[in-house]
Amino acid sequence: MNRQKNFVLMILLMFVLGACSKEGKDCCMVGEVPSLVFRYRFDSTQVRLNNIGQPSVIPPGNAALSPRMNKMSAHYIELAPSAFTLLGTGAVVYHAPETTAGGSNAIDFKQSVFAGDGEIFFSIPLKQVPPGTYEWLRISLAYQNFELPFRLDTTVSGVSINRTFTGTLASFVGFNNYIESFKVKNGVISVNGNRKQGFWGFEADFSSLGIPQPITSSGEAPEGSTTVVNPLFQTSPIPQGSCVVTAAFEPGKLVITGKETKDIVIEASFSTNKSFEWVDTYPNGFWEPLKKEKVVDMGLRGLKPRVL
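Here we summarise the structure given alongside this text.

1. Some thoughts on the overall build of the chain
Point 1. Regarding its fold elements, the chain presents one helix and 20 strands.
Point 2. By the burial criterion, 45% of the 308 residues in the chain qualify as buried.
Point 3. The long-range share in the chain, meaning contacts at least 24 apart out of those at least 6 apart in sequence, stands at 70%.
Point 4. With the model as given, the accessible surface of the chain reaches about 15500 Å², and the carbon-plus-sulfur share is 55%.

So, in structure tokens, the structure goes:
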């Protein structure tokens, strides 16, 4: 009986070894393939930049704050060899699903992949990335979800309320977004259609005399007002309404030989430095949604891609 068991085990071992020799190293080393790994970092102290990559100030009449990011999704990732590499002609390593279900072509929100601070949002085996030297990284953003303070100055059930609360805002910064519905924090907003860059939903809960008073609203920033940092605007422009944030790798360039034996990790550090901006109609430095203070910008204020 033991001889029979040993014989069966030997046959199984030979079968596995034979299969691996035919299919290659990956068959027997699942999870050990060297990959190019991207992870998010959100930094409220990073320099606040404008569309052309220069330090930016807040316009008179507006106010801004640095939100606390919960999660974000990207639509597109491209590695560019030089400042003269036109959009789409570099190594495109990721492109999120799109759909025409809402009419015109749009990002399919229900298929988005989300990640938070310090989390991996995409990885690809290095053998699938064209070998080369890359100086610039382009990441097209699609969606953000963050916490932010807001001000209530109102009367509810005869009780005067004038203080700061915390709410959650979901913002769509992609060029066009097909949304069936989306969850802001706890509540769900139904759309069932396309929404352009700048669409947002807001949710907050507070209580008055022990009675919950939920707030849910949505709106749109003005067309073309979302900041998209591109220091290569003269040599490699991006289409109006897109959200392709561009920056040079740090330190130095990203070099891929095709012979890597371990992961290459890229930390994509985004500036949230006063990235949420509104018209401060009632000038006190606090966003007051119930007083219809208009949101004008939710674009992240710069990117620092670090090769770790």
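2. With respect to the environment of S66
Point 1. Residue placement: S66 occurs in the loop between β2 (62-65) and β3 (68-80).
Point 2. Overall, S66 belongs to the partly exposed group, its relative accessible area being 32%.
Point 3. On a C-alpha basis, the gap between S66 and K274 in space is 4.1 Å, while along the polypeptide they are 208 residues apart.
Point 4. Here S66 is in contact with S44, T272, N273 and K274, once residues within four sequence places are set aside.
Point 5. Engagement of the side chain of S66 in a polar contact is seen with the backbone oxygen of T272, the distance being 3.4 Å.
Point 6. A polar contact of 2.8 Å, which involves the side chain of S66, links it to the backbone nitrogen of K274.

3. Concerning the nonpolar core
Point 1. Core analysis: the largest hydrophobic core is formed by 60 residues, its most contacted members being L36, F38, L79, F121, F270, F276 and W287.
Point 2. With eight residues, strand β9 (residues 136-156) is the single largest residue contributor to this core.
Point 3. Residues in contact with F276, not counting those within four places in the same chain, are A63, A64, L65, P67, F146, L148, L169, W287, V295, D297 and M298.
Point 4. Residues F182, V184, I189 and F199 belong to the second largest nonpolar core, which totals ten residues.

4. Considerations on the sheet that holds strand β5 (residues 98-99)
Point 1. The mixed open sheet is built from four strands, whose spatial order is β5-β6-β11-β12. Edge positions in the open sheet fall to β5 and β12 (188-196), since each of these has one partner strand only.
Point 2. Pairing of β5 with strand β6 (residues 106-108) involves two bridges; the strand directions are antiparallel. What sits directly across from T99, in β6, is A106.

5. Here we look at the sheet that holds strand β7 (residues 120-125)
Point 1. If you trace the four strands from one edge of the open sheet to the other, you get β7-β1-β17-β20, paired in mixed fashion. Looking along the sheet, the strands with just one partner apiece sit at the ends: β7 and β20 (303-307). On average, each strand axis in the sheet is inclined to that of its neighbour by 20°, with strand direction left out of account.
Point 2. As judged from the five bridges shared by strand β17 (residues 264-271) and β20, these two strands associate in the antiparallel manner. Across the sheet, F270 pairs through a bridge with L303, a residue of β20.

6. Quick notes on the pairing of strand β18 (residues 276-279)
Point 1. Pairing of β2 with β18 involves four bridges; the strand directions are antiparallel. Bridge pairing links A63 to W278 in β18.

The rules behind these values
- Every chain is numbered on its own, with residues counted from 1 as its sequence reads.
- With the structure being a predicted model, the display of local features is reserved for residues of pLDDT at least 70 and the display and counting of side-chain atom pairs for 80 or more, all residues being used for whole-chain, interface and lining totals.
- Side-chain numbers here rest on the full set of heavy atoms in the structure, without hydrogens or water.
- Secondary structure is summarised from DSSP: a helix means a run of H or I of at least four residues, a strand means a run of E of at least two, and numbering begins at the N terminus for each.
- Throughout, exposure labels follow a simple rule: accessible area from a 1.4 Å probe, protein chains only, divided by the maximum for the residue type, with under 20% read as buried, over 50% as exposed, and the rest as partly exposed.
- Contact criterion: two residues are considered in contact whenever any of their non-hydrogen atoms come within 4.5 Å of each other.
- Only the protein chains shown count as cover for residues, and all accessible areas are computed by the Shrake-Rupley method using a 1.4 Å probe.
- Under the rule applied, a polar contact is a pair of N or O atoms within 3.5 Å (in protein, one hydrogen donor and one hydrogen acceptor; residues adjacent in sequence only if both atoms are side-chain atoms).
- For our purposes a nonpolar core is just a set of buried Ala, Val, Leu, Ile, Met, Phe, Trp, Tyr and Cys residues, chained together by side-chain atoms within 4.5 Å.
- What makes two strands pair is DSSP finding at least two bridges between them.
- Orientation is described by lines fitted to C-alpha atoms, with helices fitted over the stretch in contact, and by angles between N-to-C directions that extend from 0 to 180 degrees.

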